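Letter by letter, the chains look like this.
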Amino acid sequence: MRQLAIVLVIGCALLSSGCATMALFEWRRDEVAIAHGQVQVKNVPGVSDGWYAVVGPEIWPQDPVVQADDGIVSLSPPIEFSLSPRSRDTGYIDFRGMDLSEARQPFSPRGQVVMATVACVEKGEERHYRVHMLRGDSGKQRWVRSGTIDIGSGTQSAARGPVTWVLLPFTVAADIVSLPLLLVGGLGIGVLEGISALLGNG
């Protein structure tokens, strides 16, 4: 009886938690993305699909810096960074995502969180991806690029974007229709657990 209740709730949750729409946007997402302090890679030959931590030295130098050709203040020479499957034994770097265009701008008048570490994804020609690691320098009031990780070229079709918007109404409709199943599942597990308790006590 209890196993039946668990199966019912899991099935309802999968159908009613917006899974179809979430899966659609996950399918549409570019091959390399930043989320939750990690780098997500998919459909890049030579790199296994999954979430990765960024690994680098514990101490980052702040000088010397140069104005790079792409307009970003950068360390010279750069620090070597790499991707690694996240684990408790890995000395990963805490960071947040930022748009690469912001890295070329000074801090806003209100100021950024100084010494924050950010990662920016660059999608180049033929869907070739690089991740830039930067840190805020309060003295220069600029983001300083410490190094770059070359990920590789993605293989996804650019048609995924338009296809997503075509399919979106259908996935949203499916998620809305399945929403009541979550309520049924919650009610069902309560009833079945109550019956199970009564039978067990009897």
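Everything quoted here is computed from the prediction, not taken from an experiment. Note on numbering: residues in each chain are counted from 1, in written sequence order. Whole-chain, interface and lining totals are the exception, using all residues; otherwise, since this is a predicted model, local features are given only for residues with pLDDT of at least 70 and side-chain atom pairs are given and counted only at 80 or more. Heavy atoms from the whole structure form the basis of all side-chain values; hydrogens and water molecules are not counted.

Before going further, it helps to spend a moment on the environment of V41. If you trace the backbone, V41 turns up in strand β2 (residues 38-41). A relative accessible area of 0% means that V41 is categorised as buried. Taking the C-alpha atoms as reference, V41 lies 6.4 Å from W51; in sequence the two are 10 residues apart. Each helix is a run of H or I in the DSSP string that is no shorter than four residues. Each strand is a run of E no shorter than two, and both are numbered from the N terminus. Relative accessibility thresholds used throughout: buried, under 20% of the residue-type maximum; exposed, over 50%; partly exposed, between the two (1.4 Å probe, protein chains only).

Turning our eyes to something else, we now look at the sheet that holds strand β6 (residues 82-85). Spatial strand order, β1-β2-β3-β6: four strands in an open sheet with antiparallel pairing. The two strands at the open ends of the sheet, each matched to only one other strand, are β1 (32-35) and β6. With strand direction ignored, the average angle separating the axes of adjacent strands in the sheet is 40 degrees. Criterion used throughout: strands pair if DSSP finds at least two bridges between them. Bridge count between strand β3 (residues 50-55) and β6: four bridges; the pairing is antiparallel. Only the stretch in contact is used when fitting a helix axis, every axis being a line fitted to C-alpha atoms; angles between N-to-C directions are given from 0 to 180 degrees.

Before going further, it helps to examine the environment of W143. Within the fold, W143 resides in strand β10 (residues 142-153). The spatial distance from the C-alpha of W143 to the C-alpha of E102 is 8.6 Å, given a sequence separation of 41 residues.

With 63% of its residues at a pLDDT of at least 70, the chain reaches an overall mean of 77. Under a pLDDT of 50 for its full length, residues 4-17 has, in the predicted model, 20 contacts with residues more than four places off or in other chains. As a per-residue quantity, pLDDT reports the predictor's confidence and falls between 0 and 100. Residue contacts are defined here by distance: any two heavy atoms, one from each residue, within 4.5 Å place the two residues in contact.

Let's shift gears to the packing of aromatic side chains. Between rings of Phe, Tyr and Trp, where Trp is taken as its six-membered ring, a pair exists when centres lie within 6.5 Å; planes separated by under 30 degrees are stacked, by over 60 edge-to-face, and by other angles tilted. Overall, the coordinates contain one aromatic pair when judged by the stated rule. Note on W60 and F81: the rings are 5.1 Å apart at their centroids and 65 degrees apart in plane angle, and the pair reads as edge-to-face. Of this pair, W60 sits in the loop between β3 and β4 (65-67) while F81 sits in the loop between β5 (73-75) and β6; the two residues are 21 residues apart in sequence, bridging distant segments of the chain. In this structure, W60 and F81 share a single accessibility class: buried. Note on criteria: charge over ring means Lys NZ or Arg CZ within 6 Å of the ring centre, with the direction from the centre no more than 35 degrees off the ring normal. Across from the ring centre of W60, 4.0 Å away, lies the NZ or CZ of R135, which sits over that ring.

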